[in-house]
Amino acid sequence: MAYFLVSLGLEMDGLQPSFCSLYQLGAKYTPDIVLRFQFQRLFLPIFLHANFVHLLMNVFFQMRIGFWVEKYFGTLKMIVIYLVSGVGGNLLSAFLDRQNLSIGASTSVFGIFGAYGCYFAYNWNNMGPGRNLNLLLYLFFVVVNFSFSLSVKSIDMGGHLGGYMVGGAVGFMLLPWEETTKTWAWIRIGSAVGSFLFFGGLVLGLSLITFPCGECIHPCVGYFS
């Protein structure tokens, strides 16, 4: 919320931050990440929002699901899931969408969704008779949100998908393990290997990108100077 106010204070377009304000404050822009090593653009977009409705929606879903995830995993692990998912989502977005700006905490919010799914998988046998209904509600929630992401062109589907995948993998690694069987040990190892391959593969893929626009200087460079 504080960073949203900063973006409004830098420059407003109506009642929302201007395009160049969002760029200046660290929106994801692949050429700057790859060509100018501005890696903060994988992290700062988590705290940027296009307008008040965008901010309000992310805060609502973050509080609705995130409150329970924090209670189960603990605050420190919740912070790790939130930030690593956000960076992972922006990394996949940078690879899939190389010309457009991308902002929003939804990469991290979808990471929370992914971690919430880990709870169902690990605690399924102890959840009682209401587990089927709870699982259906969870799956409905995820499907609706991904369907909405696909149907609206302005929504960053790559960021949402990347955040969800990383949130699930990190969630399995950080589960409060009450018992460890050989199967769950392999799932934890697989999650760690999958996370390494995800991040390593995308970093390698980004390093091999050639841009048809050469240096790809964004129009907002020098806008406020």
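Structure: above.
Just so we're clear, the structure is a prediction, and the values are computed from it rather than from any experiment. (Residues numbered from 1 in each chain as written. Predicted model: local features only at pLDDT ≥ 70, side-chain atom pairs only at ≥ 80, totals over all residues. Heavy atoms only, no water.)

1. Examining the pattern of salt bridges
Link 1 in the chain: With the rule as written, the count across this model stands at 3 salt bridges.
Link 2 in the chain: A salt bridge links Glu-215 to Arg-36; the shortest N-O distance between them is 3.8 Å. Pair noted here: Glu-215 is in the segment after helix H9 (182–207) and Arg-36 is in the loop between helix H3 (30–35) and helix H4 (52–73), with a separation of 179 residues, a long-range link.
Link 3 in the chain: The exposure class assigned to Glu-215 is exposed, which follows from its relative accessible area of 51%.
Link 4 in the chain: Three or more residues are tied together by salt bridges with common partners; here these are Asp-32, Arg-36, Arg-41 and Glu-215. (Salt bridge = Lys/Arg side-chain N within 4 Å of Asp/Glu carboxyl O. Helix = DSSP H or I, 4+ residues; strand = E, 2+ residues; numbered from the N terminus. Buried < 20%, exposed > 50% of the residue type's maximum accessible area, 1.4 Å probe, protein only.)

2. Let's talk about the state of the cysteines
Link 1 in the chain: Tallying each qualifying case throughout the model produces 2 disulfides.
Link 2 in the chain: Through a disulfide, Cys-20 is tied to Cys-220; the S-S separation comes to 2.0 Å. Of note, the bridge from Cys-20 to Cys-220 carries an S-S torsion of about -75° and is left-handed in sense. In this pair, Cys-20 sits in helix H2 (residues 19–24) while Cys-220 sits in the segment after H9, placing the two residues 200 residues apart along the sequence. (Disulfide = S-S within 2.5 Å.)

3. A closer look at the nonpolar core
Most often, soluble globular proteins keep nonpolar side chains buried together rather than apart.
Link 1 in the chain: Ranked by size, the top nonpolar core spans 52 residues in total, and within it Val-69, Phe-73, Tyr-116 and Leu-175 carry the most contacts.
Link 2 in the chain: For this core, the secondary-structure elements that each account for two or more residues are H2, H3, H4, helix H5 (75–96), helix H6 (106–123), helix H7 (131–151), helix H8 (157–174) and H9.
Link 3 in the chain: Looking at which element gives the most residues to this core, the answer is H6, with 10 residues. (Core = buried A, V, L, I, M, F, W, Y, C linked by side-chain atoms within 4.5 Å.)

Function cannot be inferred from these measures alone, as they are strictly geometric.
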